[in-house]
Amino acid sequence: MYRYRRKLSLGLKEAEEKFKAKLEEKGYKVVLEFTPSDVVKARVGVDMEPYRILWVCNPKIFYEMTKEDYEIGSFAPCPVLFYQKNGETYVAINTADDVLDIIKEPLEVVRGVIEEL
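Residues numbered from 1 in each chain as written. Predicted model: local features only at pLDDT ≥ 70, side-chain atom pairs only at ≥ 80, totals over all residues. Heavy atoms only, no water.

### Structural notes on the overall build of the protein chain
At step 1: Assigned secondary structure in the protein chain consists of four helices and five strands.
At step 2: Seen in sequence order, the protein chain has helices and strands lined up from the N terminus as β-α-β-α-β-α-β-β-α.
At step 3: In the protein chain, buried positions account for 38% of the 117 residues.
At step 4: Restricting to contacts in the protein chain with at least 6 residues of sequence separation, those with at least 24 account for 68%.
At step 5: As displayed, the protein chain offers around 7,300 Å² of accessible surface, 49% of which is attributable to carbon and sulfur atoms.
At step 6: Between the averaged position of the 18 positive side-chain charges in the protein chain and that of its 21 negative side-chain charges there is a distance of 4 Å. (Helix = DSSP H or I, 4+ residues; strand = E, 2+ residues; numbered from the N terminus. Buried < 20%, exposed > 50% of the residue type's maximum accessible area, 1.4 Å probe, protein only. Contact = heavy atoms within 4.5 Å. Areas by Shrake-Rupley, 256 points an atom, 1.4 Å probe, with all protein chains shown as cover. Lys, Arg positive; Asp, Glu negative; His and termini not counted. Charge placed at Lys NZ, Arg CZ, Asp CG, Glu CD.)

### Overview of the UniProt feature "domain: DUF302" (unreviewed entry) in the protein chain
At step 1: Here, the residues flagged by UniProt with the feature "domain: DUF302" (unreviewed entry) are residues 38–94.
At step 2: Overall, residues 38–94 shows 30% helix and 39% strand. The separation of its end C-alpha atoms is 23 Å. (UniProt positions renumbered as here; feature names shortened; annotations may be inferred.)

### Some points on empty space enclosed by the protein
Rolled over the atoms, a probe as big as a water molecule pinpoints where empty space is left.
At step 1: Following the criterion strictly, the structure yields one cavity of 30 Å³ or more and no others.
At step 2: Taken as a whole, the largest cavity holds about 70 Å³ of empty space.
At step 3: Those elements giving two or more residues to the lining of the largest cavity turn out to be β3 (51–57), α3 (59–68) and α4 (101–116).
At step 4: In terms of residues, the lining of the largest cavity owes the most to one element, α3, which gives three residues.
At step 5: Looking at the lining of the largest cavity residue by residue, the class counts come to eleven nonpolar, one polar and no charged. (1 Å grid on protein atoms, 1.4 Å probe; cavity = no way out; pocket = protein on both sides within 12 Å on 5 of 7 lines; lining within 4 Å. Points joined across faces, edges and corners; volume = space filled by probe spheres on them. Nonpolar A, V, L, I, M, F, W, Y, C, P; charged D, E, K, R; others polar.)

### Observations concerning the pairing of strand β5 (residues 88–94)
At step 1: Of all seven residues in β5, five are buried; the element is thus mostly enclosed.
At step 2: By the bridge criterion, six bridges tie strand β1 (residues 3–8) to β5 in an arrangement that is antiparallel. The residue bridging R3 from the neighbouring strand is N94, located in β5.
At step 3: With five bridges joining them, strand β4 (residues 78–85) and β5 adopt antiparallel strand pairing. Within β5, the residue paired with Q84 across the bridge is T89.
At step 4: Two successive antiparallel strands, β4 and β5, enclose a turn made up of two residues, where N86 displays a positive phi of approximately 55°. (Pairing = 2+ DSSP bridges.)

### Some remarks on the packing of aromatic side chains
At step 1: Evaluation of the coordinates by the stated rule reveals three aromatic pairs.
At step 2: Seen from their ring centres, F19 and F82 are 5.2 Å apart, and the 70° between their planes marks the pair as edge-to-face. Placement of F19 in helix α1 (residues 12–25) and of F82 in strand β4 is noted, with a sequence separation of 63 residues between them.
At step 3: Taking the centre distance of 5.6 Å and the plane angle of 15° together, the rings of Y51 and Y83 count as stacked. On the criterion of sequence distance, the pair formed by Y51 in strand β3 and Y83 in strand β4 is long-range, its members being 32 residues apart.
At step 4: Accessibility expressed as a relative area gives 12% for Y83, which makes it buried. (Phe/Tyr/Trp six-rings, centres within 6.5 Å; stacked < 30°, edge-to-face > 60°.)

Here it is as structure tokens:
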């Protein structure tokens, strides 16, 4: 699977806030947020740089996609990674060329929002 990744000149929190605002302009929302780095610290006792996963969805489009393939939920909502590595902030999504045609449009919208950060 290929990944679209972009290094940002923003801090993690600022990048997430800007991403969410621009995403809403396009009719999408973050429906779930998860911080694996907190879980690693709590369960393994290891500090790691901040690592967040935001699941992005447009409920209407999700519903339409389920009409084509009801098991599309394994791809959508689409996970967007925000993380810091060596003090730098990154954002990334999966963009495999072999992803089902019905998921390509939402991924392109998210990718467009990332470009606007």
